[in-house]
Amino acid sequence: MKTKETIRKIVKTIFFIEIIKGLALTLKRLFSHAVTIQYPVERRKIAPGFRGQHALAKDVEGKAKCVGCGLCATICPSQCISVGREKGKVSRYEIDTLRCIFCGFCVEACPYGAIVLTENYEYSGYKKEDIYLTREKLLFNWDKFMAGKKGEEYFKRFWRPMSEDFETPSIQAIWRGRH
Amino acid sequence: MELVEKIFETRELNVNMGPQHPATHGVLRLVLDIDGETIVKVTPYVGYLHRGIEKLGESMSYFQALPLTDRMDYVSAMANNIGYCIAVERLFGIEVPERAKFIRTIVGEMARIANHLLWLATHALDIGAMTVFLYCFREREWILELFEMICGARLTVTYPRIGGVKNDVPAEFLDSLWKFTEEFPTRIPEYETLIDQNRIWLKRTKGIGVISAEEAVNWGLTGPTLRGSGVPYDIRKHMPYDAYDKVDFEVPIGTEGDTYDRYRCRMMEMRQSNNIIRQCIEKLPPGPIMAETPNFTLQPKDKMMPITHPTKEHAFYIIEKACKGCGMCLRACPAKAIFGEKKQPHKIKQDLCLGCATCYVTCKFKALTIVPGGKGFPEEKLAELAVPPDKVPEDIKKAQEYLVKHFEFIKRGPKVPQGDIYIATEVPKGELGFYFISDGSGKPYRMRVRAPSFVHAGVLPRLCVGHLVADVIANIGTIDIVLGECDR
Ligand code: SF4
Ligand code: SF4
Ligand code: SF4
Ligand code: SF4
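Residues take numbers from 1 onward in each chain, read along the sequence in its written order. Lettering for chains starts from A, numbering for ligands starts from 1, and both go in the order in which the items are written. Totals for whole chains, interfaces and linings use every residue, but because this is a predicted model, local features are given only for residues with pLDDT of at least 70 and side-chain atom pairs only at 80 or more, for both listing and counting. In computing side-chain values, all of the structure's heavy atoms are included and hydrogens and water are not.

J.: Which residues make up the overall build of chain B, and what values do they have?
T.: Each helix is a run of DSSP H or I of at least 4 residues and each strand a run of E of at least 2, with the numbering of both proceeding from the N terminus. Check the secondary structure of chain B and you find 21 helices and 12 strands. Overall, the C-alpha framework of chain B stretches about 110 × 60 × 35 Å when taken along its three principal axes. Considering chain B as a whole, with its 488 residues, one finds that 60% of them fall into the buried category. Contacts between residues were defined by any pair of non-hydrogen atoms, one from each residue, lying within 4.5 Å. For chain B, long-range pairs separated by at least 24 residues make up 69% of all intrachain contacts whose partners lie at least 6 apart in sequence. Side-chain charges in chain B split into 62 positive and 62 negative, and the spacing between the mean points of these groups amounts to 7 Å. Per-residue accessibility, obtained with a 1.4 Å probe over protein chains only, is compared with the maximum for each type, and a residue is labelled buried under 20%, exposed over 50%, and partly exposed between these values. Only four residue types enter the tally: Lys and Arg on the positive side, Asp and Glu on the negative side, with His and both chain ends excluded. To locate a charge, take NZ of a lysine, CZ of an arginine, CG of an aspartate or CD of a glutamate.

Structure (structure tokens):
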């Protein structure tokens with residue numbers, strides 16, 4: 001018995017069994033499909049509700065929903081929203097994207113459903129001003145990324161909490177058994 | 001002779017390692033005194049990633065400070081969030097709904113797997129096994145995508161909330177996660193094939209960084225770093241939180257207390273986490289995901305005023321007789337549309353008013369009221385149409401109440417009881433503790449974080465001295481530190 005063990009050990013040592021096993025695995029993987037993505041050509045599928053660049057929502061008439069109450073600016077943990085008002089209108093609404101941590105609290109704080117986070121994550125620039133979000137850019141983002149059904153869906157699913165979160169909703173995901 | 005001595009003179013060398021070194025897992029700086037290849041002394045310097053999270057937390061409301069905890073241990077942000085929320089909940093006696101507890105347990109264990117995968121990947125990479133890195137990231141990516149599905153972010157999730165979780169989990173999430181738990185146990189042997197028996201791996205890990213059970217306890221080690229030495233201490237078992245008392249799992253422990261045993265511990269832990277997730281998915285009960293604690297959670301949006309009764313069409317009006325002139329609304333109005341002297345009735349300049357309802361929720365004397373559909377009407381007409389606050393329809397009143405709470409929650413922070421508490425949770429790295437002192441204002445008087453990485457970084461000199469320079473890398477890896485959490 002003991003000799004058998006010893007022989008096995010010697011064979012293992014001489015023939016690099018464990019290393020060959022590892023290499024075999026690597027070789028096997030060589031013929032399976034790639035898990036990496038060739039980024040600028042291929043793009044990852046972004047899940048709905050992704051917390052990307054902001055947009056200011058418009059209502060059905062195409063007017064900005066934001067009334068300028070400033071709740072988003074108050075709750076923002078990194079204090080990067082600034083709102084200015086003039087003559088009963090929101091004259092200035094700016095988000096310093098470089099400071100934003102994309103926590104999504106502004107969306108949750110706004111009682112008017114006026115600000116959303118879009119799924120745009122490709123907004124690099126050479127200058128700070130390029131990615132500084134002004135009111136115009138934010139409204140433009142809405143048209144570009146969120147207008148129509150998508151915006152509605154966003155508010156329905158990701159503008160939380162809703163009253164159904166505090167009670168048992170009629171449709172709720174539970175485990176349906178193994179298939 | 002003198003010349004020969006001068007040539008062969010040996011002396012200790014003082015080497016600086018880090019703070020920017022790929023193997024120090026962030027920005028740890030070590031000053032090594034070495035004698036040839038042997039370590040004589042190690043001095044860790046921390047603080048290069050200090051952002052003052054504890055102090056920042058004191059200037060924010062409990063709700064607001066949540067995203068800060070993401071930035072501590074960014075490798076397993078979910079676990080940090082959960083720890084924070086549980087601490088605040090216990091401090092204020094909030095009972096979380098069952099479903100939220102299960103969801104948190106699921107995502108917490110997902111974070112554990114994701115963390116251990118990253119740990120294994122980088123640890124193996126440090127020691128020289130490049131392939132494992134790629135295999136681990138394949139699975140980690142899956143978990144991160146699942147995180148994105150439920151909360152829209154992959155790394156800094158901010159998913160749990162005080163009193164529950166942000167979103168309910170969709171059915172696709174459960175399906176995909178179930179598939180993951182079915183496949184993952186077949187993936188772990190793959191990593192093990194690559195390194196478990198590999199003689200280089202064994203040489204680099206066996207007998208390196210040995211620490212006995214007693215010493216490990218004395219150094220304050222926690223988590224897998226402690227369990228590798230054979231101490232079965234796991235907060236999930238000893239002081240169960242969330243749904244850990246409703247699932248079966250084992251706490252894997254090592255025997256030798258060396259780098260290899262800690263590696264084995266973490267590998268076994270991933271299997272246990274996988275089991276926990278499966279049990280939780282099966283047991284996930286239907287029910288609410290947020291606790292009904294108006295003081296600590298945001299209000300339901302669909303019951304709140306701008307949604308039930310859009311304020312944009314309404315005009316806001318101060319009833320002269322009722323106004324005490326306290327000036328609260330004047331100070332609160334973001335548009336500076338309210339004018340008036342102290343103790344005199346105030347007035348809203350309608351052309352400056354945004355219609356934001358801030359004044360409406362601020363007035364304590366029932367002087368402010370709304371004129372439904374009155375936007376743009378002249379002053380006299382408003383005076384005529386204004387409904388006295390006690391005659392406002394019941395549904396508007398209800399909606400207003402919700403809005404008042406919402407505004408107060410955000411503007412002033414919730415009213416909270418006084419007290420202090422220390423709550424620890426088992427994050428992938430060890431015991432993450434939050435200590436809060438509440439002085440009754442909406443913000444913590446003191447927020448202290450017991451970060452496992454900080455404690456673990458302290459044990460480095462003990463582990464390294466006497467070993468070779470190359471083993472410093474293995475030792476940094478085996479204690480599993482993240483400097484974001486260490487420096488806070
Ligand atoms: S976005 Fe919403 S919360 Fe922010 S100022 Fe506009 S209405 Fe108020
Ligand atoms: S996402 Fe968070 S940090 Fe960014 S603007 Fe909104 S509240 Fe501020
Ligand atoms: S808060 Fe009410 S009572 Fe005080 S000044 Fe404004 S309207 Fe008058
Ligand atoms: S509704 Fe808003 S803008 Fe108008 S007076 Fe009241 S607080 Fe000021």
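That was the structure; now back to the text.
J.: Help me get a handle on the environment of Q197 of chain B, residues and values and all.
T.: Note that Q197 of chain B resides in the loop between α7 (171-195) and α8 (199-205). The exposure class of Q197 of chain B is partly exposed, given its relative accessible area of 45%. Those residues in contact with Q197 of chain B that lie beyond four places of it in its chain are E18 of chain A together with E192 and L202 of chain B.

J.: Can you tell me about the interface of chain B and chain A, naming the residues and giving the values?
T.: A common way to express how large an interface is: the accessible area buried when the components associate. In this complex, chain B contributes 76 residues to the contact, which on the side of chain A involves 63 residues. Taking both partners together, chain B and chain A bury about 5,800 Å²; carbon and sulfur atoms supply 58% of that area. The salt bridge definition used is simple: a Lys or Arg side-chain nitrogen within 4 Å of an Asp or Glu carboxyl oxygen. Our enumeration of links across chain B and chain A arrives at 4 salt bridges. Of all the secondary structure elements, the ones that give two or more residues to the side of chain B that touches chain A are α3 (66-70), α6 (130-151), α7, α12 (259-283), α13 (305-308) and α17 (394-411) of chain B. Buried area is understood as the total, over both parts, of accessible area removed when two parts are fitted together, assessed with a 1.4 Å probe.

J.: Go over helix α6 (residues 135-146) of chain A, please, and point to the residues and values.
T.: One turn of an α-helix holds 3.6 residues; hence residues three or four places apart share an orientation. Residues and elements named next belong to chain A. Helix span, as expected, comes to 1.5 Å for every residue beyond the first. With 12 residues, α6 should cover 16 Å at 1.5 Å per step; its first-to-last C-alpha distance of 16 Å lies within 8% of that length. For α6, the full list of buried residues reads L138, L139, N141, W142, F145 and M146. Seen from one end, α6 has its buried residues packed into an arc of 150 degrees, which puts them on one side. Opposite the packed face of α6, turned more than 90 degrees from it, sit the exposed residues E136, F140 and K144. Following α6 by one or two positions, G148 adopts a phi angle in the positive range, close to 85 degrees. The arc refers to the directions leading from the helix axis to the C-beta atoms.

J.: Tell me about the site of ligand 4, and name the residues and values.
T.: A molecule or strand has a residue near it when one of that residue's heavy atoms lies within 4 Å. Among the 13 residues in the neighbourhood of ligand 4, the closest are listed as C333, C353, L354, C356 and C359 of chain B. When grouped by side-chain class, the residues that make up the shell around ligand 4 number 11 nonpolar, 2 polar and no charged. Amino acid classes used here: Ala, Val, Leu, Ile, Met, Phe, Trp, Tyr, Cys and Pro are nonpolar; Asp, Glu, Lys and Arg are charged; the rest, including Gly, are polar.

J.: Any details on the state of the cysteines? Residues and values, ideally.
T.: Residue and element names in this part refer to chain B. Disulfide assignment relies on a single distance test, namely cysteine sulfur atoms paired within 2.5 Å. Tallied over the entire structure, the rule returns 0 disulfides over all chains. Sulfur of C280: no disulfide; nearest cysteine sulfur belongs to C85 and is 17 Å away. Since its relative accessible area comes to 0%, C280 is described here as buried.

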